[in-house]
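Okay, here's what each chain looks like letter by letter:
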Amino acid sequence: VAFPLSLDMKPYCSSSEEKEYELYGFVVHAGEYASSGHYYAYIFEASTWFKLNNKNFDPVDVQEMLKHEAYILFYRRRTIDMNDNPSYSNSAVEIPEEEHLIPLGIILYLLISFLLI
């Protein structure tokens, strides 16, 4: 199954607010069965994709990375660009709920812990 780098979920939601998500990581399984084989991951950080395979943490080309079959995909909601000027054309300005982002270090720790199980 091909997977996109970004998802627009707005057509599938009843809310009119933007619902754009970007891929920031995924797990790949190499092997015949889920209970055996080898798991490794790709993660996006600092404008670069990295392959996490055991102790190796190597930068990879996006086109090569997209050729792999994902076992689990991780998307995060696209953040607001603070350089854009706000639009005040609507008198009723909705303030979105505060998003709680998980620090990358915790994500990597959980991902690596999952892979070592």
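Numbering of residues begins from 1 in every chain and follows the order in which that chain's sequence is written. In keeping with the predicted nature of the model, local features appear solely for residues at pLDDT of at least 70, side-chain atom pairs appear and are counted solely at 80 or more, and the whole-chain, interface and lining totals rest on all residues. With hydrogens and water set aside, each side-chain value is computed from the structure's full complement of heavy atoms.

Student: Now, about the overall build of the protein chain: what can you tell me, with residues and values included?
Tutor: Assigned secondary structure in the protein chain consists of 2 helices and 6 strands. The numbering of helices and of strands both runs from the N terminus, where a helix is a DSSP run of H or I of at least 4 residues and a strand a run of E of at least 2. What you see in the protein chain, going N to C, is helices and strands ordered as β-β-β-β-β-α-β-α. Relative to its full complement of 117 residues, the protein chain shows a buried share of 20%. Restricting to contacts in the protein chain with at least 6 residues of sequence separation, those with at least 24 account for 50%. For the accessible areas, the method is Shrake-Rupley and the probe is 1.4 Å, while residue cover comes only from the protein chains on display. Surface accessibility of the protein chain: about 9,300 Å² in total, with carbon and sulfur atoms responsible for 55%. Exposed residues in this analysis have more than 50% of their type's maximum accessible area, buried residues have under 20%, and partly exposed residues fall in between, with area computed by a 1.4 Å probe over protein chains only. In this description, contact between two residues means that some pair of their heavy atoms is separated by no more than 4.5 Å.

Student: Talk me through the nonpolar core; I want residue IDs and the actual numbers.
Tutor: Buried Ala, Val, Leu, Ile, Met, Phe, Trp, Tyr and Cys residues that are joined via side-chain atoms within 4.5 Å together make up what is termed a nonpolar core. Judged by nonpolar contacts, Phe3, Leu23, Phe26, Val28, Tyr40, Tyr42, Trp49 and Met65 together constitute the single largest core of 8 residues. If you list the elements that add at least two residues to this core, you get strand 2 (20-30) and strand 3 (38-45). Of all the elements, strand 2 adds the most residues to this core, at 3 residues. Within the second largest apolar cluster, 7 residues are counted, among which are Ile43, Phe50, Leu52 and Leu111.

Student: Tell me about unusual backbone geometry, and please be specific about residues and values.
Tutor: Here the phi dihedral of Ala46 falls at roughly 55°; this positive angle occurs in a residue that is not glycine. Looking at the element boundaries, Ala46 is found in the loop between strand 3 and strand 4 (48-53). We classify Ala46 as exposed; its relative accessible area is 64%.

Student: Let's hear about the environment of Phe26: which residues, and what values?
Tutor: On the secondary structure map, Phe26 appears in strand 2. Owing to a relative accessible area of 1%, Phe26 belongs among the buried residues under this scheme. Here the alpha-carbon distance between Phe26 and Ala70, two residues 44 residues apart in the chain, equals 6.2 Å. Once residues lying within four places of it in the same chain are set aside, the contact partners of Phe26 are Phe3, Tyr40, Ala41, Tyr42, Trp49, Met65, His68, Ala70, Ile72, Leu73 and Phe74.

Student: A description of the packing of aromatic side chains should follow, citing residues and the corresponding values.
Tutor: Aromatic rings from Phe, Tyr and Trp, taking only the six-membered ring of Trp, are treated as a pair when their centres fall within 6.5 Å; an angle between ring planes under 30 degrees marks them as stacked, one over 60 as edge-to-face, and anything in between as tilted. On inspection of all chains with the given rule, the structure shows 8 aromatic pairs. Here the aromatic rings of Tyr39 and Tyr71 are separated by 5.4 Å at their centres, their planes lie at 65°, and the arrangement is edge-to-face. Residue Tyr39 is located in strand 3, and its partner Tyr71 is located in the loop between helix 1 (62-65) and strand 6 (72-77); the two are separated by 32 residues in the primary sequence. Taking relative accessible area as the criterion, Tyr39 reaches 16% and is therefore assigned buried. Among the aromatic side chains, those forming a connected cluster through ring pairs are Phe3, Phe26, Tyr40, Tyr42, Phe44 and Trp49. We call a charge positioned above a ring when the Lys NZ or Arg CZ atom is no farther than 6 Å from the ring centre and deviates by at most 35 degrees from the ring normal. The positively charged end of Lys51 is found above the aromatic ring belonging to Tyr40, 4.7 Å away from the centroid.

Student: Kindly report on the confidence of the model for the protein chain, identifying the contributing residues and their values.
Tutor: Note on scores: pLDDT gives the predictor's confidence for each residue, bounded by 0 and 100. Taken over all residues, the pLDDT of the protein chain has a mean of 78, while the share at 70 or more is 68%. Mean pLDDT across the secondary structure elements of the protein chain bottoms out at helix 2 (residues 104-116), with 66, and peaks at strand 4, with 93. In this model residues 88-93 is a low-confidence stretch, pLDDT under 50, and it forms 0 contacts with partners more than four residues away in sequence or in other chains.

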